[in-house]
Amino acid sequence: TAKKQGRGRVALHNEAIQNAYISKIKLKDKLKHALKHELLSVHYQPVVDVKSGQTAKFEALVRWHDEELGFISPARFIPIAEEFGLIHLVGQYVLQTSCRDLAMLHRSGFEHIGFSINRSINEFKASNNQLVHISDAIQEFALPFECITIEVTESMAANSYTWQVLQALSAKGIKVALDDFCTGYSSLSNLIDNPIDYVKIDKSFVDSMVEDTSKQVMIKCLIDLSSQLGIGVIAEGVEHRQQQSMLAEFGCHLIQGYFYSQAMPIAKCLAMLEREEQVNSKLA
Ligand code: C2E
Ligand code: MG
Ligand code: MG
Ligand code: MG
């Protein structure tokens, strides 16, 4: 019977692997379909200037709602897009949509607003000329280069080819942000040797910072170091007032998180900016 049980376990195990694989393949096929029929969308999450309480910029985050499966998180489908060679299509869609939406905000009188756009490691292959794609999209919508920030993770940036591309983007005036900072193999020399405009403190750090004094020390050090290097710090995933006030006290000027707002469709962003402007003109 032991043998039988053992075999049963193997069969179950195989089935689990198969299911994971089938659902991956299914997601890949559905994603292909969604890309072809423009069923993805882009939402934008405010990054708030702590001092003024006003929106400084937004991060573009891709959204996918499937009729059968419902909302599928980018954390789930971006890796699949990478694995099956679809990431450049996702990236191109997000880039075009973001630039179009930002141009609309600028035309509506909010020229000071910028957008951050996430890029995956596989988008930085030599065959996939990011420099041309990104600068073409920005120029197509007559945007200033300075209003677009490209977010990459530290692990991506480990590759020297990636740094070459980022360097070239930066030379045009496009901003560069290191995303999920402190989560990978961080190298502080990256901050000194490369054109980095912002670091983003990862949510996992913010989550435990109120109780964990060693996290506080690290965050404070990073903020001080960055400010001396002229690098902006954005704290991500801020949900509670205690986190917000501690970060502000440490000198972190830019905060992103549900404490202020989730990502939302462009029409809501515009309405929010208009409300902020009204409040401002009443105060003036
Ligand atoms: P990320 O770039 O680090 O984006 C921040 C993520 O944290 C977003 O999740 C955002 O909705 C979430 N977030 C922000 N504030 C809070 C908060 O206060 N609480 C909680 N619980 N979450 C918060 P999202 O949109 O699910 O995206 C997950 C990841 O997927 C992103 O992490 C990014 O790595 C990737 N991603 C999203 N859009 C794109 C895209 O257009 N292209 C690429 N290549 N990757 C993308
Ligand atoms: Mg990001
Ligand atoms: Mg992040
Ligand atoms: Mg992340």
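The rules behind the values
- Residues numbered from 1 in each chain as written.
- Chains lettered and ligands numbered in written order.
- Predicted model: local features only at pLDDT ≥ 70, side-chain atom pairs only at ≥ 80, totals over all residues.
- Heavy atoms only, no water.
- Helix = DSSP H or I, 4+ residues; strand = E, 2+ residues; numbered from the N terminus.
- Rg over C-alpha atoms; globule rule 2.2 N^0.38 Å.
- Buried < 20%, exposed > 50% of the residue type's maximum accessible area, 1.4 Å probe, protein only.
- Contact = heavy atoms within 4.5 Å.
- Areas by Shrake-Rupley, 256 points an atom, 1.4 Å probe, with all protein chains shown as cover.
- Lys, Arg positive; Asp, Glu negative; His and termini not counted.
- Charge placed at Lys NZ, Arg CZ, Asp CG, Glu CD.
- Near = heavy atom within 4 Å.
- Polar contact = N/O pair within 3.5 Å; in protein donor to acceptor, adjacent residues only side chain to side chain.
- Nonpolar A, V, L, I, M, F, W, Y, C, P; charged D, E, K, R; others polar.
- Donors = N, O, S within 2.8 Å, 3.2 Å for Na, K, Ca; no water.
- Salt bridge = Lys/Arg side-chain N within 4 Å of Asp/Glu carboxyl O.
- Pairing = 2+ DSSP bridges.
- Phe/Tyr/Trp six-rings, centres within 6.5 Å; stacked < 30°, edge-to-face > 60°.

Visitor: Explain the overall build of the chain to me, please; I cannot follow it from the model alone.
Guide: Counting its secondary structure elements, the chain contains 11 helices and 9 strands. Computed over the C-alpha atoms, the radius of gyration of the chain is 21 Å, within 12% of the 19 Å expected from 2.2 N^0.38 for a compact globule of 284 residues. Dimensions of the chain, computed from the C-alpha atoms along their principal axes, are close to 80 × 45 × 40 Å. Expressed as a percentage of the 284 residues in the chain, the buried residues total 46%. For the chain, restricting intrachain contacts to residue pairs at least 6 apart in sequence, the fraction spanning at least 24 positions comes to 67%. With the model as given, the accessible surface of the chain reaches about 14,800 Å², and the carbon-plus-sulfur share is 54%. Charged side chains of the chain number 28 positive and 33 negative; the gap between the two group centres comes to 8 Å.

Visitor: Which parts of the structure should I look at to understand the site of ligand 1?
Guide: Neighbouring ligand 1 are 22 residues, the closest being Arg 63, Ser 120, Asp 179, Glu 239 and Tyr 258. In this structure, Asp 179 approaches ligand 1 through a side-chain N or O atom, which is 2.8 Å from an oxygen atom. In terms of residue count, the dominant contributor to the shell around ligand 1 is strand E2 (residues 54-66) (4 residues). Of the residues in the shell around ligand 1, the class split is 7 nonpolar, 6 polar and 9 charged.

Visitor: What am I meant to see in the coordination of the magnesium ion (ligand 2) here?
Guide: By definition of the ideal shapes, four donors in a tetrahedron about a metal sit 109.5 degrees apart, and six donors in an octahedron sit 90 or 180 degrees apart. For the magnesium ion (ligand 2), the full set of protein donor atoms is Glu 59 (OE), Asn 118 (OD1), Glu 151 (OE) and Asp 179 (OD), at a range of 2.0 to 2.2 Å. Mapped onto the sequence, the donors of the magnesium ion (ligand 2) take the spacing E-x58-N-x32-E-x27-D.

Visitor: I keep staring at the pattern of salt bridges and nothing clicks. Help me out?
Guide: Pairing between side chains becomes possible if they bear opposite charge and their charged atoms approach one another. This model, assessed by the stated rule, comprises 13 salt bridges. Two residues, Glu 68 and Lys 30, come together in a salt bridge whose shortest N-O distance is 2.9 Å. Of this pair, Glu 68 sits in the loop between E2 and strand E3 (70-72) while Lys 30 sits in helix H1 (residues 2-36), and the two are 38 residues apart along the sequence. Overall, the relative accessible area of 18% leaves Lys 30 in the buried class. One salt bridge connects Asp 224 with Lys 220, and the closest N-O pair in it is separated by 3.4 Å. Taken as a pair, Asp 224 and Lys 220 lie in helix H9 (residues 213-229) at a separation of 4 residues, close to a single helical turn. Here the residues in one salt-bridge network are Lys 26, Lys 30, Asp 66 and Glu 68, joined through shared partners.

Visitor: Looking at this model, I keep getting lost on the pairing of strand E4 (residues 114-118). Mind explaining?
Guide: A regular strand carries its side chains on alternate faces of the sheet. Most of E4 is tucked away, with 4 of its 5 residues classed as buried. Relative to E4, E2 is paired through 4 bridges, and the arrangement is parallel. Looking at the pairing, Phe 58 lines up with Phe 115 of E4. Pairing between E4 and strand E5 (residues 148-153): 4 bridges, direction parallel. The partner of Ser 116 across the bridge, within E5, is Thr 149.

Visitor: Mind showing me how you'd approach the environment of Leu 27 here?
Guide: Along the polypeptide, Leu 27 turns up in helix H1. Taking C-alpha positions, Leu 27 is 33 Å from Ile 174, a pair spaced 147 residues apart along the chain. Leaving out residues up to four positions away in the same chain, Leu 27 has contacts with Trp 64, Leu 69, Ile 72, Arg 76 and Ile 80.

Visitor: Quick question: what am I supposed to make of the packing of aromatic side chains here?
Guide: Two descriptors summarise a pair of aromatic rings, namely the distance from one centre to the other and the angle between the planes of the rings. This model, assessed by the stated rule, comprises 4 aromatic pairs. Here Trp 64 and Phe 77 contribute two aromatic rings whose centre-to-centre distance is 5.3 Å and whose plane-to-plane angle is 90°, an arrangement assigned as edge-to-face. You can see Trp 64 sitting in strand E2 and its partner Phe 77 sitting in helix H2 (residues 74-83), a full 13 residues away along the chain. Considering the side-chain rings of Phe 259 and Tyr 260, the 4.9 Å spacing of their centres and the 75° angle between planes classify their relative orientation as edge-to-face. The class for Phe 259 is partly exposed, based on a relative accessible area of 22%.

Read these as spatial facts, not as claims about activity.
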